[in-house]
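# A structural walkthrough
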Amino acid sequence: MPALLGKTRAQAISGFKVFDSLIPTRFEMIVISLFYIFIVIIHAVHSKGVANDPIYGSAYMAEIRYSADRTGIVATFMMPLLFLFAGRNNFLQWVTGINYSTFLCYHRHIARIMFMLVVIHSVNYTILLVQKHGLAVRMAQPWLYWGVLATVAGGIILIQSILYLRRNWYELFVLVHIVMAVLYVVGTWIHIVEFGYGTYLYPTIAVWSFDRLVRICRLLYFGFPEVNVKLVGDETIKMCIPKPKHWKIIPGGHAFVHFIKPTYFWQSHPFTFTNCSDQGEDKIVMYMKVKGGVTHSLYKLLNKSPGKMTTMRIGIEGPYGESTPAKYSDKAVFIAGGNGIPGIYSEVADIALKSTSERKSVLKLVWIIRDYSSLFWFHDELVRLKNTNIETTIYVTKTDKNFDNMNEFISENSKEGSVKSSEVEKSESLQTTDAVEQLKEELSHVCFEEGRPNIEQIIQDEIKESSGSISFVACGHPVMVDEVRYYSCKNIDNAEKKRVDFYEQLQIWA
Ligand SMILES: Cc1cc2nc3c(=O)[nH]c(=O)nc-3n(C[C@H](O)[C@H](O)[C@H](O)COP(=O)(O)OP(=O)(O)OC[C@H]3O[C@@H](n4cnc5c(N)ncnc54)[C@H](O)[C@@H]3O)c2cc1C
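The rules behind the values
Residues numbered from 1 in each chain as written. Predicted model: local features only at pLDDT ≥ 70, side-chain atom pairs only at ≥ 80, totals over all residues. Heavy atoms only, no water. Helix = DSSP H or I, 4+ residues; strand = E, 2+ residues; numbered from the N terminus. Expected span 1.5 Å × (residues − 1). Buried < 20%, exposed > 50% of the residue type's maximum accessible area, 1.4 Å probe, protein only. Contact = heavy atoms within 4.5 Å. Pairing = 2+ DSSP bridges. Axes fitted to C-alpha atoms, helices over the stretch in contact; angles between N-to-C directions. Near = heavy atom within 4 Å. Polar contact = N/O pair within 3.5 Å; in protein donor to acceptor, adjacent residues only side chain to side chain. Areas by Shrake-Rupley, 256 points an atom, 1.4 Å probe, with all protein chains shown as cover. Domains from an automatic or database assignment. Buried area = accessible area lost by both parts, 1.4 Å probe. Salt bridge = Lys/Arg side-chain N within 4 Å of Asp/Glu carboxyl O. Core = buried A, V, L, I, M, F, W, Y, C linked by side-chain atoms within 4.5 Å.

Next up on the list: helix α7 (residues 142–160). When the terminal C-alpha atoms of α7 are compared, their 26 Å separation across 19 residues agrees well with the 27 Å that a helix rising 1.5 Å per residue should span. Of all the positions in α7, only Trp-143, Leu-144, Gly-147, Ala-150, Thr-151, Ala-153, Gly-154, Gly-155, Ile-157 and Gln-160 are classed as buried. The secondary structure elements touched by the buried residues of α7 are α5 (100–131), α6 (135–139), α8 (163–168) and α9 (170–192).

Structure follows, in C-alpha cells:
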C-alpha cells in the first residue's frame, strides 16, 4: 500500500524531464528486488571453471563460456513472462487480480534484466570467438547476425520506452515497440533454432498471439456502434454507447476505444466507463478529458460541429479492470479529483445499489473540482445519487473564478441553439437566476464546500467516525491520489485499531 518513500507514487519523480520516471510501490519494489537478487544468485552459483580446462584452455575462459550460455538461456526463458505481463489479456492478472499497471511495472524490470543478460551473453561470446579467431567467419552466418540484430532491437526498445517518450509520443512509442519486439522474436528464433532451443519461443508466441486474438474477439463482440459524441463543458467529451446485452459492466472498469476515422482508427485509448439506462437500452458512458492527441482532434471536430455534437462509429475493446474490495469494509470513502470521477462514481453507485439491509456499508463520495462549471458535465449522475445512501461532498477549490466561468460556459452553450441537449436547456434556465444557488438547490443531497480540502484531516475524521474497518479509494490528479495513499498509510496504526485500506483506481503506464 505505501509508496516506496514519502508520498510519491502516482506522480513521476523528476529527472530533468527526459529522465522522469515512475517509481514502484514499496510492495512492488520488494518483489522486483527479490527478482534481481534471484537472477544474480542463479547466475553466480556453480559456475566455477577448473584450472587448465581441457575444452576452453583456462578456468577463466571456461567461466566466460558458462556465463555466456547461462545468461543466453535464462534471457530466452524469461521471454514468455515478459510478453505475458505486457498483454491486456494476461491470465495471471485474471487469477491474482493485480492491476495492469503493476504488471507493466514488472514487465519493464524483466525487460531490463533480460537485456542485461543478453548483453553479457553477447560480450562473452565475442570474447570466446575472438580468442578462437572465428568472429569474422561467424558474423557472416545468419544465426549470429540475427542474434546481433535482436540485441540491437532490444537496446532500441529499452531506450524508446523511457517515460518521457511514452508521455509525449505514445502512439509512436507503441509502434516502434511492436516492430522492435517482432524483430527481437524473429532474431532470437533464427539465433537459437539451430541449437535446439526453438521450443523456448513457443510459449512467447503463444501468449502474444492469445492476447491479440482475445483483443480482436472483444472488439468484434462489442461491434462497431455509431454513437453520439458531444463536447460537454470546456474540456470534456461525452460518449453514450449502446452495449451488447451480455457485455459485462465492471464498476470502475475501463475499455479501449478506437475512433473510426481515417487518421486515427488504429489508435486505442483507455477510458473508464459508467453505465446508464436510456429509454430501456443499456448503455455505457465515457467522459474524456481533452488532451493533446486524439482527444484534441475530437475536440476540434466537435467545436466545428453544430451543437458541439457529432455521430461517429467507434470500436470498443473491453471490459478490463476490476472493482476494488472497498465494498467489504464497514465504511468506504471514494475520493475523486476532476475527471477522475467516472470510475469512482461507478463503483460507489454499484455498492449502494447492491447494498442489503444485512450488509450495508457507510458510503461517502468526495469530489474535488476546480470551479462550479466543472461539475456541469457530470450533473445527471449527481442527480441520480439522490435516492442512494451515498453521502456526497463536493469541494470547489477556486471560488473566486467559478461564477464567471460558469456564466461563460452557460452563455456559450445557449448561443448556438441548433441542438438542444439537456445540458443546454439546463444552462438556459440557470442563467436567469443565481446559477450556483439553483444548482445547489437541485443537488440538495450534495454538500458543497468551498476551498481546498485538507486530505489529512478528512482521512483522520473518517477513520474516527467509522464504526469499524474503512477503505479509501482514490482517482484523479496524481498528487491528490498520492496524498490519500500517504495519509491512509499513516493512519493504519490508528488508536482504535480499525482496519484501514487504500486502493488506487488511477492506473498510470504512460
Ligand atoms: C485505465 C485508464 C483509464 C482512463 N480513464 C480515463 C477517463 O475515464 N477519462 C479520461 O479523460 N481519461 C482517462 N484515461 C486517460 C486517457 O487514456 C488519456 O488521456 C488518453 O488516452 C489521451 O489521449 P490523447 O491521444 O489525446 O493523449 P496525448 O495528448 O497524446 O497524451 C496525453 C497523456 O495520455 C497518455 N496516453 C496517450 N495515449 C494513451 C494510451 N493509449 N494508453 C495510455 N495512456 C495514453 C500519454 O502518454 C500522455 O501521458 C485513462 C487512462 C487509463 C490508463
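Within the open sheet, the 6 strands sit side by side as β10-β9-β8-β7-β11-β12. Their pairing is parallel. Looking at strand neighbours, the two that pair on one side only are β10 (446–450) and β12 (500–504), the edges of this open sheet. Ignoring strand direction, the axes of neighbouring strands in this sheet form an average angle of 15°. Where strand β7 (residues 331–337) lies against strand β11 (residues 470–475), 6 bridges are found, and the strand directions are parallel. Residue pairing in the sheet places Val-333 in a bridge with Phe-472 of β11. Each of β7, β8 (362–369), β9 (390–396), β11 and β12 touches helix α17 (residues 455–465); the most contacted strand, β11, lies at about 150° to it.

With that settled, consider the site of the ligand. Near the ligand, the surroundings consist of 21 residues, among which His-269, Pro-270, Lys-289, Gly-292 and Thr-295 are the closest. One of the backbone N or O atoms of Ser-268 is found 3.0 Å from a nitrogen atom in the ligand. In this structure, an oxygen atom belonging to the ligand sits 2.7 Å away from a main-chain N or O atom of Gly-292. Here the ligand loses 84% of its free accessible area of 860 Å² to cover by the protein chains.

How big an interface is tends to be stated in terms of the accessible area lost upon association of its parts. According to the domain assignment, the protein chain contains domain 1 (26–218), domain 2 (223–320) and domain 3 (325–504). At the interface, 22 residues of domain 2 touch 20 residues of domain 3. The contact between domain 2 and domain 3 buries some 1,700 Å² in all, and 55% of this surface belongs to carbon and sulfur atoms. Looking at the side of domain 2 facing domain 3, the largest losses of area belong to Pro-251, Thr-274 and Tyr-287, adding up to 30% of the total buried there. Across the pair Arg-370 and Glu-235 runs a salt bridge whose closest N-O atoms are separated by 4.0 Å. Counting across the domain 2 and domain 3 interface gives 3 residue pairs in polar contact (both at pLDDT 80 or more).

As a further point, take the nonpolar core. Membership of the largest hydrophobic core comes to 57 residues, with the highest contact counts inside it found for Phe-334, Ile-341, Trp-367, Leu-375, Ile-394 and Phe-472. Residue-level mapping places this core at the junction of two domains, with at least three residues from each of domain 2 (223–320) and domain 3 (325–504). In contact with Ile-394, not counting residues within four places along its chain, are Trp-367, Ile-369, Leu-375, Leu-382, Val-446, Cys-447, Phe-448 and Glu-449. Among the nonpolar cores identified, the runner-up in size contains 29 residues, and Cys-105, Met-114, Met-180 and Ala-181 belong to it.

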